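# Architecture and fold: a report
The lines below spell out each chain.
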Amino acid sequence: LRQTRSDERNRQLDDLIASLSHDLRTPLLAMRGTLRSMLNGAFGVVSDTWREILEEYYQTNEDLLKLVEALLEVSRYEAGSKSLIYEPLDWNKIFTKAIHQERIASKNKVHFEYKIVPQLPTVYGDELEIRRVIQNLLSNAVRVSKPEDLVWLEVTAAENSGVKVSVSDRGCGIALQEQEYLFHRFIQGRGRRGGAGLGLYLCRQIVEAHHGTIGVDSTLGKGSTFWLTLPTIANHA
């Protein structure tokens, strides 16, 4: 009985989070548009001092919007209502777009390199959702890297006839006792703060929806490699 009540409370809390996230998204989008217009001079000339203030407000609004959208996506996956569009995944396209986006978004100037092993088996998946995973792993790697460090991406054939995608950094690494909980909700690894601990949990939801697995190999002081595997056999009808 106690477990039933606990499950019901958790379901009600999840419903509340999903509802609040949906309601918060509209005003945040409106605020984004207003701040962007102000920065572009739609309401008059903006002084350097006000530009700095408005840009800080804009970035804070963007961070909140990302959090709200992550909460919405998590609720859709947990409810089983997320629709995926399956198509053959083009890893060169996925890596190129993810790296380009990270270069635009990040102030930390790191080097990116990637390797795609020839003659990989064809894997079907939702390109936008898989790119969301790669983007999240890339952002985490950049966040823990020093300027001029290398962030390395690779996709190889997996043992189960699918593919294995890896994102490696040379950051501070993650303690073994922390690794187990990284892909749970609202958990953050030390030194990997940001996104309220939802990013890796959402990555796990996306990968598992594609019938794959996700994990991390890390040694303190030597960096981390986050990886995911995707099978060749998936429901892509």
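Thresholds applied
Residues numbered from 1 in each chain as written. Predicted model: local features only at pLDDT ≥ 70, side-chain atom pairs only at ≥ 80, totals over all residues. Heavy atoms only, no water. Helix = DSSP H or I, 4+ residues; strand = E, 2+ residues; numbered from the N terminus. Buried < 20%, exposed > 50% of the residue type's maximum accessible area, 1.4 Å probe, protein only. Polar contact = N/O pair within 3.5 Å; in protein donor to acceptor, adjacent residues only side chain to side chain. Phe/Tyr/Trp six-rings, centres within 6.5 Å; stacked < 30°, edge-to-face > 60°. Salt bridge = Lys/Arg side-chain N within 4 Å of Asp/Glu carboxyl O. Expected span 1.5 Å × (residues − 1). pLDDT = per-residue confidence, 0-100. Contact = heavy atoms within 4.5 Å. Core = buried A, V, L, I, M, F, W, Y, C linked by side-chain atoms within 4.5 Å.

The topology assignment puts N92 in helix α3 (residues 91-105). Classification of N92 by relative accessible area gives partly exposed; the value is 42%. C-alpha separation for the pair N92 and K115, spaced 23 residues apart in sequence, amounts to 9.0 Å. For N92, the side chain forms a polar contact with the side chain of Y114, separated by 2.6 Å.

So, on to the packing of aromatic side chains. In this structure the tally under the stated criterion is three aromatic pairs. Aromatic side chains W91 and F95 sit 6.1 Å apart centroid to centroid with 50° between the ring planes, which places their arrangement in the tilted category. Of this pair, W91 and F95 are both found in helix α3, four residues apart, which corresponds to roughly one turn of the helix. The same class applies to W91 and to F95, which are both buried. Where F183 meets F226, the ring centres are 6.1 Å apart and the plane angle is 70°; that geometry is what we call edge-to-face. With F183 in the loop between α5 (176-179) and α6 (199-209) and F226 in strand β7 (residues 223-230), the pair connects residues that are 43 residues apart, well separated along the chain. Of the two residues, F183 and F226, neither departs from the other in class, the shared state being buried. Through successive ring pairs, a cluster of aromatic residues spans W91, F95 and Y114.

If you walk through the whole model with that rule in mind, you get seven salt bridges. A salt bridge links E73 to R132, with the nearest nitrogen and oxygen atoms 3.6 Å apart. Of this pair, E73 sits in helix α2 (residues 48-79) while R132 is found in helix α4 (residues 127-143), placing the two residues 59 residues apart along the sequence. Judged by relative accessible area, which is 33%, R132 ranks as partly exposed. E129 is the salt-bridge partner of R132, the closest N and O atoms lying 3.4 Å from each other. In this pair, R132 and E129 both sit in helix α4, three residues apart, roughly one turn of the helix. By relative accessible area, E129 is classed as buried at 5%. One salt-bridge network, in which partners are shared between bridges, spans E73, K82, E129 and R132.

Here we come to α4. Compared with an ideal rise of 1.5 Å per residue, which puts 17 residues at 24 Å, α4 spans 24 Å between its outermost C-alpha atoms and is within 8% of the ideal. Most of α4 sits inside the fold, with 13 of its 17 residues counted as buried.

Our focus in this paragraph is the confidence of the model for the protein. For the protein, per-residue confidence averages 85 on the pLDDT scale, and residues scoring 70 or more make up 86% of the total. The element-level mean pLDDT for the protein is lowest in helix α1 (residues 2-39), coming to 76, with strand β5 (residues 163-169) highest at 96. This stretch, residues 190-196, has a pLDDT under 50; its non-local contacts, to residues over four places away or in other chains, come to 17 contacts.

Counting 44 residues, the largest nonpolar core has W91, L228 and L230 as its most contacted members. Within the residue set of this core, elements represented by two or more residues are α2, α3, α4, β4 (150-157), β5, α6, β6 (213-219) and β7. Ranked by residues supplied to this core, first place goes to α4 with seven residues. Contact partners of L230, with chain neighbours within four places excluded, come to L89, W91, V123, I130, G162, V163, V207, H210 and G212. With five residues, the next largest nonpolar core counts L35, L39, L54 and Y58 among its residues.

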